[in-house]
Amino acid sequence: MNQLKDIEQQKRHVGHLFDRIAHSYDGLNHLLSMGIDRCWRRQAVQSMKPVDKVLDIAVGTGDLALLLLRRGKANQVIGIDLSTEMMRIGAQKAKRRGVETRLHFQEANAQNMPFPDEHFDAVTCAYGVRNFADLDAGLREMYRVLKQGGELTILEFGYPQNKLIRWIYDRYFTTFLPLIGRLFSRDRTAYTYLNQSVKHFCYGDDFVAHLQKVGFSGTCFRRQTFGISYLYKARKL
Ligand SMILES: C[S@@+](CC[C@H](N)C(=O)[O-])C[C@H]1O[C@@H](n2cnc3c(N)ncnc32)[C@H](O)[C@@H]1O
């Protein structure tokens, strides 16, 4: 119960939390997932058809957005996030790769987006939705800004189904990950929040039920690496 209250509290200041760990975010991401996070993003991008304008919600340091451009899945990407520090690093990466004119970063809240209805051909969000203070409000906004016929692609963590793998993963996730996270990011609480926010978030059919509730059709999901990560797809008909 206290853990849940802590998570709700942290979600209210999630932009600041990511500002604090932005400097070590990319390195730790690849280290803690042993580089597998790159495959998860690649699978998400492979699942998409090429379009003109994509909105990448919770763009962070831009890994998914950059991959969308590199793989020719978007002509232009608008990335929004609450953390200016994460986006500052993302903008540097875009400049280094010469795509700064095609990837725009904008500070905005996913739960109340500053875009007109039906504005984007596709919407993506990698490892962002579990941080929303109000999940359904964020999903409703995704539905609103997506054009009719447009495709939604979401990546989010889950928990493995297999009991043994789940047990091993849980040990890793609740002890090793916060410890390494604390050491490298020099932040005492951020990686404990990150692990707890995954533990208490819905996945699989339960998450799909939220997508359907706000109006999405053609919903499906794919487990990645035993269900450590989930790739969700949906459409606005
Ligand atoms: C785990 S990072 C993921 C970043 C990136 N998409 C990636 O795949 O590495 C989560 C990001 O979500 C952002 N975020 C959380 N809640 C948000 C909200 N309500 N609106 C916009 N961004 C949000 C955080 O600031 C953070 O940068």
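Preceding this paragraph is the structure being described.
In this report, we go over the structure that sits alongside the text. (Residues numbered from 1 in each chain as written. Predicted model: local features only at pLDDT ≥ 70, side-chain atom pairs only at ≥ 80, totals over all residues. Heavy atoms only, no water.)

Some remarks on the side chain of K233
Assignment of secondary structure puts K233 in strand 7 (residues 229-235). One polar contact links K233 to E151, side chain to side chain, over a distance of 3.1 Å. For K233, the residues in contact, after removing those within four places along its chain, are S47, M48, E151, L152, T153, G218, T219 and C220. (Helix = DSSP H or I, 4+ residues; strand = E, 2+ residues; numbered from the N terminus. Polar contact = N/O pair within 3.5 Å; in protein donor to acceptor, adjacent residues only side chain to side chain. Contact = heavy atoms within 4.5 Å.)

Regarding the layout of surface pockets
Within this model, the second largest pocket holds a volume of roughly 200 Å³. Considering the residues around the second largest pocket, the lining is formed by D26, H30, R38, R41, R42, D63, L66, L67, R70, K93 and R97. Broken down by secondary-structure element, the contributors of at least two residues to the lining of the second largest pocket are helix 2 (14-32), helix 3 (36-46) and helix 4 (63-70). Here the element with the most residues in the lining of the second largest pocket is helix 4; it accounts for 4 residues. Residue classes in the lining of the second largest pocket are distributed as 2 nonpolar, 1 polar and 8 charged. (1 Å grid on protein atoms, 1.4 Å probe; cavity = no way out; pocket = protein on both sides within 12 Å on 5 of 7 lines; lining within 4 Å. Points joined across faces, edges and corners; volume = space filled by probe spheres on them. Nonpolar A, V, L, I, M, F, W, Y, C, P; charged D, E, K, R; others polar.)

Thoughts on the pattern of salt bridges
Between side chains of opposite charge, a pair can form when the charged atoms approach closely. Applying the stated rule across the entire model yields 13 salt bridges. D26 is the partner of K93 in a salt bridge, and the nearest nitrogen-oxygen pair spans 2.7 Å. With K93 in helix 5 (residues 84-96) and D26 in helix 2, this residue pair connects regions lying 67 residues apart in the sequence. In this structure, K93 and D26 share a single accessibility class: buried. The residue D63 makes a salt bridge to K93 at a minimum N-O spacing of 2.6 Å. Here the residue D63 occupies a position in helix 4, and K93 occupies one in helix 5, the gap between them amounting to 30 residues. (Salt bridge = Lys/Arg side-chain N within 4 Å of Asp/Glu carboxyl O. Buried < 20%, exposed > 50% of the residue type's maximum accessible area, 1.4 Å probe, protein only.)

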